[in-house]
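Understanding the architecture of this molecule
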Amino acid sequence: MKTIIRKTPCLLALLCLGSLLAPFDATVQADPSALTTRQSPDWLRSSVVYEIFPRDFSTAGDLNTVTARLDELKDLGVDIIWLMPIHPIGQTMKKGALGSPFSVRDFYAVNPDYGTTNDFRRLVDQAHQRDMKIVMDIAAGQTSWDSVLMATHPEFYEKDANGNIIPPDPAWKDVAGLNYANPDVRRYMIDMMKYWLTDYNVDGFRCDIAPNVPLDFWEEARAALHAVNPQVIILADAGAKPELLTNAFDVDSSWSMNYLVGAVMNGEQPANNIGELWKRANDRFPDRALHLRFTDNHEQTRAVARYGITGALAAQVLMMTLDGVPMLYNGMEVGDATESEDPALFEKLPIFWNPSGRPPLRAIYRDLIKLRKTNPAFYNGDVQWLDNTATNQVVSFVRSDARDAFLVLINLSTSQVEGSVSMDNADGFKPVNIGDQPVPVDGTLPDFKLPAYGWCIFHRTITK
């Protein structure tokens, strides 16, 4: 059996950042000229994703609480709600007090701690009434050891030479690996996804560790789901695999960018390597490939704990202004520092929604989202990386289309920085007001002075 390595933060940091000359998985050999990005729904490019861990989203930890806060999320500017797995959690060999949501006992059921199938149906319906989409998280490569499939279909599982069922990775003791060489497994999983798509009208799926499942299965599943709903979206928890975006997935996860930003924030890499990494990714992927841009999720220590409040905000500003599909993890908009990664992933640690001493993060993110949505330059425009004289600390780039140009300057260091950005013509650029915050830049372009973790977005109308 081929062992798949789980993307843990420490491991990927080494794999992705060991050398920027080879920032991607060395096994990827796809030629972008031979690939074509699949045609995704037009609305996806301008969307913002919001990931929710239902257990920790509230003290109640149920779906009805999510439904009750849909207006709040709509006001923030959220378009797509990604729900981490909502299924019953396995108890045999579980981790922690409550177990991992990715150890699924029944793919056709809702975790009773979260509520009922009717509660879920109501959540989807209420989201749709607000023109929001619901994406379900599917851990397709595995089940719990007490899964409803284990007793009835032992032939569905991966086995060792002695006939014993095994996990998909030796480190994942709480799950058993599914065998996709068995066509019945493929039929079962496709039928299951079609069930949620047809009976509950979900809008798509986020596929956990997508490379653990054969690509041809995902392509088969895409075709079957597309026949049910041509607007279905499928997100791949994967990076550096361009072939995933050809026929199967709409978006992948930009893990390399996530880890490189962390290395820059920690002073381990110069800021200008972010532009270099982006260029390499752009060369490796077919035109208009979409990547999920994030700084915080359920697999990492919260960004505010890693970088501090202002540092986490600066890093997220980068993700909100780059190309791709930006994502927020629940609680980011208030600066929550409560953990949900391993081992907290297996416990009950609700988000603290009223922390003190934070800047008005919700207003800042709301304005950033509004800026992005109302200006196609951010979701359909070009990315032009600009040199500057503070290459270790500052990233500088322009997002533009035929109508507008936006200059973005972000100091990703803990020190005040002075410098100059290389521009042929800086005339006409004016700072954009975000969240009623004072403009944290001093000087006249192309010169700048930015405080620690300071950032500024400038706008110029393009005249013909």
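Relevant structure appears above.
Report follows, based on the coordinates.

Here we look at the overall build of the chain
Tallying secondary structure elements over the chain gives 14 helices and 17 strands in all. Across its three principal directions, the C-alpha atoms of the chain cover 70 × 45 × 40 Å. In the chain, which comprises 464 residues, the proportion classed as buried is 58%. Contacts in the chain between residues at least 24 apart in sequence constitute 74% of all its contacts with a sequence separation of at least 6. For the chain, the accessible area works out to roughly 18100 Å², and carbon and sulfur atoms hold 50% of it. Side chains of the chain give 43 positive and 58 negative charges; the mean places of these two sets differ by 2 Å.

Re the packing of helix α13 (residues 303–321) against helix α14 (residues 361–374)
Between α13 and α14, the least distance of the axes is 10 Å, while the angle of their chain directions is 15°. Here α14 runs roughly parallel to α13, going by the angle between their axes. Considering how the two elements wind past one another, α13 and α14 form a crossing that is right-handed. For the pair formed by α13 and α14, the contact residues are Ile-309, Ala-312, Leu-313, Gln-316, Val-317, Met-319, Met-320 and Thr-321 on the first element and Leu-361, Ile-364, Tyr-365, Leu-368, Ile-369 and Arg-372 on the second. Residues that form the contact of α13 with α14 fall into these classes: eleven nonpolar, two polar and one charged.

Let's talk about the pattern of salt bridges
Following the criterion strictly, the structure yields 19 salt bridges and no others. Of the charged contacts, one joins Arg-38 and Asp-250 as a salt bridge, the two residues approaching to 2.7 Å between their closest N and O atoms. Highlighted residues: Arg-38 in the loop between α1 (9–17) and α2 (42–45) and Asp-250 in the loop between α10 (244–247) and β8 (251–253), separated in sequence by 212 residues. A single burial state applies to Arg-38 and to Asp-250, both of which are buried. The salt bridge partner of Arg-130 is Asp-71, with a shortest N-O separation of 2.6 Å. Of this pair, Arg-130 sits in the loop between α6 (117–129) and β3 (133–138) while Asp-71 sits in helix α5 (residues 70–76), and the two are 59 residues apart along the sequence. What emerges from the salt-bridge pattern is a single network uniting Asp-137, Arg-206, Asp-208, Asp-237 and Glu-299.

Observations concerning the sheet that holds strand β13 (residues 404–411)
Taken in spatial order, the five strands make up an open sheet running β11-β12-β13-β17-β15, and their pairing is antiparallel. Strands at the two margins of the open sheet, each flanked by one partner only, are β11 (382–385) and β15 (430–431). Pairing of β13 with strand β17 (residues 455–461), which is carried by seven bridges, proceeds in the antiparallel orientation. Paired with Ile-410 across the strands is Trp-455, a residue of β17. In the packing of helix α12 (residues 272–284) onto the sheet, contacts are made with β11 and β12 (394–400), and the angle to β11 comes to roughly 135°. Lying over the sheet, α13 contacts β12, β13 and β17, oriented at roughly 155° with respect to β13.

Description of the side chain of Ser-400
Checked against the element boundaries, Ser-400 lands in strand β12. A residue is classified by how much of its surface remains accessible, and Ser-400, at 18% relative accessible area, is buried. The contact partners of Ser-400, leaving out residues within four places of it in the chain, are Ala-377, Gly-381, Asp-382 and Ala-405.

Digging into unusual backbone geometry
With an omega dihedral of 5°, the bond running from Asp-342 to Pro-343 counts as a cis peptide bond. Residues Leu-445 and Pro-446 are joined by a peptide bond in cis, for which omega reads 15°. Looking at the secondary structure, you find Pro-446 in the loop between β15 and β16 (447–450). Positive phi, normally seen in glycine, also occurs at Asn-201, with a value near 60°. Summarising the element assignment, Asn-201 is placed in the loop between α8 (183–199) and β6 (204–207). A relative accessible area of 41% places Asn-201 in the partly exposed class.

Conventions we followed
- Residues numbered from 1 in each chain as written.
- Predicted model: local features only at pLDDT ≥ 70, side-chain atom pairs only at ≥ 80, totals over all residues.
- Heavy atoms only, no water.
- Helix = DSSP H or I, 4+ residues; strand = E, 2+ residues; numbered from the N terminus.
- Buried < 20%, exposed > 50% of the residue type's maximum accessible area, 1.4 Å probe, protein only.
- Contact = heavy atoms within 4.5 Å.
- Areas by Shrake-Rupley, 256 points an atom, 1.4 Å probe, with all protein chains shown as cover.
- Lys, Arg positive; Asp, Glu negative; His and termini not counted.
- Charge placed at Lys NZ, Arg CZ, Asp CG, Glu CD.
- Axes fitted to C-alpha atoms, helices over the stretch in contact; angles between N-to-C directions.
- Parallel < 35°, antiparallel > 145°, perpendicular 65-115°, else oblique.
- Left-handed = near helix turned anticlockwise from the far one by under 90°.
- Nonpolar A, V, L, I, M, F, W, Y, C, P; charged D, E, K, R; others polar.
- Salt bridge = Lys/Arg side-chain N within 4 Å of Asp/Glu carboxyl O.
- Pairing = 2+ DSSP bridges.

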